[in-house]
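Spelled out from the first residue to the last, the chains are:
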Amino acid sequence: MTMKLIHFPMTRSIRVAWAIYELGLDVEIETCPFEREKLKEPEYLALNPVGKTPVFLEDGKPMLESVAIIEYLSNKYADGRLSRGPKDSDYADYLQFMEFGEAGMGAYIGMLAGQTAILPKEQRIEAMKIWSQNETKNCLNFLEKHLTDREYLLDEFSLADISVGYALFLIKITRNGELMDDATKAYFERLTARDAWKKVSALEPA
């Protein structure tokens with residue numbers, strides 16, 4: 001069995017690389033520069049037809065969804081470490097936050113990033129910026145309430161923290177960190193102090 005992650009710094013492939021290091025898995029990580037035009041070339045589209053990141057390969061067969069990939073790796077190759085199952089008392093919270101990091105927050109944060117950092121200023125729409133700020137803040141308020149008096153989303157670090165942690169990372173790197181309140185800021189600092197996060201942050205294209 002051979003496994004490989006095609007990793008692009010700053011993108012959703014961070015989730016997968018982070019989980020690989022947390023779980024101690026033997027996976028080749030190929031770090032590539034993030035060039036949007038390269039993602040639309042036939043060679044890459046053959047692996048990821050939507051031209052997005054990441055691509056995880058297991059014996060050449062690709063998986064594309066970062067949250068699905070980390071759950072798959074845990075359950076198939078790490079005896080479910082950092083995951084939860086139906087018999088666990090915190091299974092509902094686990095599923096909720098695993099999905100919340102992408103399905104719950106992702107669209108709003110993506111729009112916020114576009115309207116505050118990615119799009120040229122002449123293409124930005126003020127009303128969309130305000131809407132995405134408000135919706136992102138609404139999500140962050142939910143996290144803030146949950147994180148009060150907690151170190152992690154569950155009683156201990158889990159894949160759910162990787163899912164949500166990447167979403168918070170996007171907020172930070174697009175200079176929207178002021179939307180986070182104190183408990184969420186402290187939570188993000190704990191996440192980024194972890195050894196696995198530091199290893200991911202050090203990955204650079206060859």
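Structure's up top.
> Would you mind showing me how to read the packing of aromatic side chains here?
The description of two aromatic rings rests on the distance between their centres and on the angle between their planes. Applying the stated criterion to the full structure yields 13 aromatic pairs. Taking 5.0 Å as the distance between ring centres and 75° as the angle between the ring planes, the aromatic pair formed by Trp-18 and Trp-197 counts as edge-to-face. Taken together, the residues Trp-18 in helix H1 (residues 13–23) and Trp-197 in helix H9 (residues 195–202) connect sequence positions 179 residues apart. With a relative accessible area of 8%, Trp-197 lands in the buried category.

> Help me understand helix H7 (residues 159–173), please; the structure alone is not making it clear to me.
Because each turn of an α-helix spans 3.6 residues, side chains separated by three or four positions end up pointing in the same direction. Between its terminal C-alpha atoms H7 stretches 21 Å, which fits the 21 Å expected from 15 residues at 1.5 Å a residue. In terms of burial, H7 is largely enclosed, as 13 of its 15 residues are buried. A positive backbone phi angle near 60° is found at Arg-175, which sits one or two residues after H7.

> What is the right way to look at the environment of Lys-38 in this model?
Tracing the sequence through the fold places Lys-38 in the loop between strand E2 (28–31) and helix H2 (42–45). The class for Lys-38 is partly exposed, based on a relative accessible area of 40%. Linking Lys-38 and Gly-110, residues 72 residues apart in sequence, is a C-alpha distance of 20 Å.

> Looking at this structure, I do not really get the packing of helix H4 (residues 91–104) against helix H5 (residues 106–118). What am I missing?
The description of two packed helices rests on the angle between their axes and on the distance between the axes. In the contact formed by H4 and H5, the axes pass within 5 Å of each other and the chain directions differ by 35°. From H4, Gly-101, Glu-102 and Gly-104 reach across to H5, where they touch Gly-106, Ala-107 and Tyr-108. Broken down by class, the residue content of the contact of H4 with H5 amounts to two nonpolar, three polar and one charged.

> Explain the sheet that holds E2 to me, please; I cannot follow it from the model alone.
Backbone-to-backbone hydrogen bonds pair the strands of a sheet. The strands run either parallel or antiparallel. Taken in spatial order, the four strands of this open sheet run E2-E1-E3-E4, and their pairing is mixed. Either end of the sheet is taken by a strand with one partner, and the two such strands are E2 and strand E4 (61–63). Each strand of the sheet is rotated relative to its neighbour by a mean of 25°, with strand direction disregarded. Pairing between strand E3 (residues 55–58) and E4: three bridges, direction antiparallel. Looking at E4, one finds that Glu-58 is bridged to Lys-61.

> Please explain the packing of helix H3 (residues 66–77) against H7 as it appears in this structure.
Direction vectors running N to C along H3 and H7 enclose 160°, while the axes themselves pass 10 Å from each other. Classed by the angle they form, the pair H3 and H7 counts as roughly antiparallel. Helix-helix and strand crossings are classified by hand; for H3 and H7 the assignment is right-handed. Residues Val-67, Ile-70, Glu-71 and Ser-74 of H3 form the contact with H7, whose participating residues are Leu-159, Ile-162 and Ser-163.

> Please explain the pattern of salt bridges as it appears in this structure.
Side-chain pairs of opposite charge can arise whenever the charged atoms involved come near each other. Scanning the entire structure with this criterion turns up nine salt bridges. In this structure, Arg-12 engages Glu-102 in a salt bridge whose closest nitrogen and oxygen atoms are separated by 2.9 Å. Placement of Arg-12 in the loop between strand E1 (3–7) and H1 and of Glu-102 in helix H4 is noted, with a sequence separation of 90 residues between them.

> Can you walk me through H3 in this structure?
Over its 12 residues, H3 runs 16 Å from end to end, which matches the ideal 16 Å to within 8%, given 1.5 Å per residue. Among all positions of H3, only Ser-66, Val-67, Ile-69, Ile-70, Glu-71, Leu-73 and Ser-74 are buried. Looking one or two residues beyond H3, the residue adopting positive phi is Asp-79, at roughly 55°.

> Sorry if this is basic, but what is going on with the nonpolar core here?
A general feature of soluble globular proteins is that nonpolar side chains tend to end up buried together. Within the largest apolar cluster, 53 residues are counted, with the highest numbers of intra-cluster contacts made by Leu-73, Met-105, Leu-143 and Leu-168. Counting residues per element, this core draws most heavily on H7, at 10 residues. Setting aside residues up to four positions removed in sequence, Leu-143 forms contacts with Phe-97, Phe-100, Met-105, Leu-153, Val-164, Leu-168 and Thr-184. Ranked by size, the runner-up nonpolar core spans seven residues in total, among them Phe-8, Cys-32, Leu-39 and Leu-57.

Here is what the cut-offs are and how they apply
Residues numbered from 1 in each chain as written. Predicted model: local features only at pLDDT ≥ 70, side-chain atom pairs only at ≥ 80, totals over all residues. Heavy atoms only, no water. Phe/Tyr/Trp six-rings, centres within 6.5 Å; stacked < 30°, edge-to-face > 60°. Helix = DSSP H or I, 4+ residues; strand = E, 2+ residues; numbered from the N terminus. Buried < 20%, exposed > 50% of the residue type's maximum accessible area, 1.4 Å probe, protein only. Expected span 1.5 Å × (residues − 1). Axes fitted to C-alpha atoms, helices over the stretch in contact; angles between N-to-C directions. Contact = heavy atoms within 4.5 Å. Nonpolar A, V, L, I, M, F, W, Y, C, P; charged D, E, K, R; others polar. Pairing = 2+ DSSP bridges. Parallel < 35°, antiparallel > 145°, perpendicular 65-115°, else oblique. Left-handed = near helix turned anticlockwise from the far one by under 90°. Salt bridge = Lys/Arg side-chain N within 4 Å of Asp/Glu carboxyl O. Core = buried A, V, L, I, M, F, W, Y, C linked by side-chain atoms within 4.5 Å.

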